[in-house]
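Residue-level structure breakdown
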Amino acid sequence: MNTGLKITAFAATLAAAFGTAYGVGGAVDPVAGDPEPAAHAEHDRSAPSGHGDHADEPPAGLQISEAGYTLDLKARHVTAGERSELRFAIRDQDGRPVTSYRREHGKELHLVLASRDLLTYRHLHPTRAADGTWSTPVDLPAAGAYRVFADFTPAAEDATNLTLGADLAASGTYEAPALPEPAATTTIDGYTVTLNGDLRPGKASKLALGVSRDGRPVTDLEPYLGAYGHLVALRSGDLAYLHVHPNGEPGDGTTEPGPDVSFTATAPSDGTYRLFLDFKHNGTVRTAAFTVRTGTTTGPAEAPEPTTGAGHPDSSHQH
């Protein structure tokens, strides 16, 4: 029996010295306790868990191990404001690094990094060495707690898509920020993005995001990873991960290159979510961010003025 499957979650370096500095402390990544891979339906990213329609499955990204695979993050802390190299591996049930993956949207693995306050967001595309070790440069702007999500599908015949998560700490002076209030529009680099539709708990709903510039609809969005837009939703608090692909794709004969990008999504529960839309225009990928509440307050609320800088000055891509 594989020793690695007997190991419970290892500690992550996370803690705050209230109002002064962010240092090293204790936190635990939940690990799936069953050593045998669970049965999965065909992958469907519009489901609450990101892995099918099973109501008893937890939302994606909350576990560091699932279905016999483990996210092995080599270092659990970096220094805020300094360029660092993030290194990790995906290990199988025998503890061996995975070196063969199915490509999805042009990549073997997608890496998302988000701060616990949901104000910093990175959609990264790391490179893999022959030994299975992935690496990517990262520069985090603020001290605090972060979550790293690895979204991938092993090449094994019976493997399904997985999103594994691990905690990361950035040391430095820490100040607790407030999450932006819900708003129907946001701006980034001169582009205005409008969100229409409600994110509903336990029920699939349509979200349409329209892109305009200088008051004119953008009708020539460029394909990015095989789509005109990608949407990631993270639940405030535990950062449950919801990665939803758009309805339609470039070249299918019906999907237009803007101004609207349409998604179907299901929230796993009531709560506050942060939505991050990646879109490409004029050769540059930009990220627009929204705060959305479900339950007592559903959908984006109208705001007198649009939020600037995608809701935060630090939503970006690194390749």
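All of the points below concern the structure found in this document.

Basis of the calculations
- Residues numbered from 1 in each chain as written.
- Predicted model: local features only at pLDDT ≥ 70, side-chain atom pairs only at ≥ 80, totals over all residues.
- Heavy atoms only, no water.
- Phe/Tyr/Trp six-rings, centres within 6.5 Å; stacked < 30°, edge-to-face > 60°.
- Helix = DSSP H or I, 4+ residues; strand = E, 2+ residues; numbered from the N terminus.
- Buried < 20%, exposed > 50% of the residue type's maximum accessible area, 1.4 Å probe, protein only.
- Pairing = 2+ DSSP bridges.
- Polar contact = N/O pair within 3.5 Å; in protein donor to acceptor, adjacent residues only side chain to side chain.
- Salt bridge = Lys/Arg side-chain N within 4 Å of Asp/Glu carboxyl O.

1. Considering the packing of aromatic side chains
- Following the criterion strictly, the structure yields seven aromatic pairs and no others.
- Ring plane angle 35 degrees and centroid distance 4.9 Å describe the contact between phenylalanine 149 and tyrosine 241, whose orientation is recorded as tilted. Of the two residues, phenylalanine 149 is situated in strand β13 (residues 144–152) and tyrosine 241 in strand β20 (residues 241–244); the sequence distance between them amounts to 92 residues.
- Ring centres of tyrosine 191 and phenylalanine 279 lie 5.7 Å apart, and the angle between their planes is 65 degrees; this geometry places the pair in the edge-to-face category. In this pair, tyrosine 191 is assigned in strand β16 (residues 191–196) and phenylalanine 279 in strand β22 (residues 271–281), connecting sequence segments 88 residues apart.

2. Examining the pairing of β20
- Taking every second residue as pointing to the same face, both faces of β20 are buried, with Tyr241 and His243 on one and Leu242 and Val244 on the other.
- One ladder, built from four bridges, connects strand β19 (residues 230–235) with β20; its direction is antiparallel. By the bridge assignment for β20, alanine 233 is matched with leucine 242.
- Remark: five residues form the turn of the hairpin made by β19 and β20, two consecutive strands paired antiparallel; glycine 237 in that turn has positive phi of roughly 110 degrees.

3. Some thoughts on the sheet that holds strand β12 (residues 133–139)
- Read from one edge to the other, the open sheet built from five strands follows the order β5-β6-β8-β12-β11, with strand pairing classed as antiparallel. In this open sheet, the two strands that pair with only one neighbour each are β5 (65–66) and β11 (127–128).
- Pairing geometry for β11 and β12, over two bridges, is antiparallel. Across the sheet, the residue bridging to arginine 128 is tryptophan 134, located in β12.

4. Notes on the side chain of aspartate 151
- Along the chain, the position of aspartate 151 falls in strand β13.
- For aspartate 151, the side chain forms a polar contact with the side chain of asparagine 161, separated by 3.1 Å.

5. Description of unusual backbone geometry
- The amide bond that connects glycine 258 to the next residue, proline 259, takes the cis arrangement and shows omega of 5 degrees.
- Residue position: proline 259 is located in the loop between β20 and β21 (260–265).

6. So, the environment of aspartate 92
- Within the element layout of this structure, aspartate 92 appears in the loop between β8 (83–91) and β9 (109–115).
- Remark: the alpha-carbon pair of aspartate 92 and leucine 71, spanning 21 residues in sequence, is separated by 9.3 Å.
- Here aspartate 94 takes part through its backbone nitrogen, which lies 2.9 Å from a polar atom of the side chain of aspartate 92.

7. Details of the pattern of salt bridges
- On inspection of all chains with the given rule, the structure shows 10 salt bridges.
- Here arginine 96 and aspartate 92 are joined by a salt bridge, their closest N and O atoms 3.3 Å apart.
- Linking arginine 147 and aspartate 167 is a salt bridge whose minimum nitrogen-to-oxygen distance equals 2.9 Å. Linking arginine 147 in strand β13 with aspartate 167 in strand β14 (residues 162–173), this pair joins segments that are 20 residues apart in sequence.
- In this structure arginine 147 comes out as buried when scored by relative accessible area, which is 2%.

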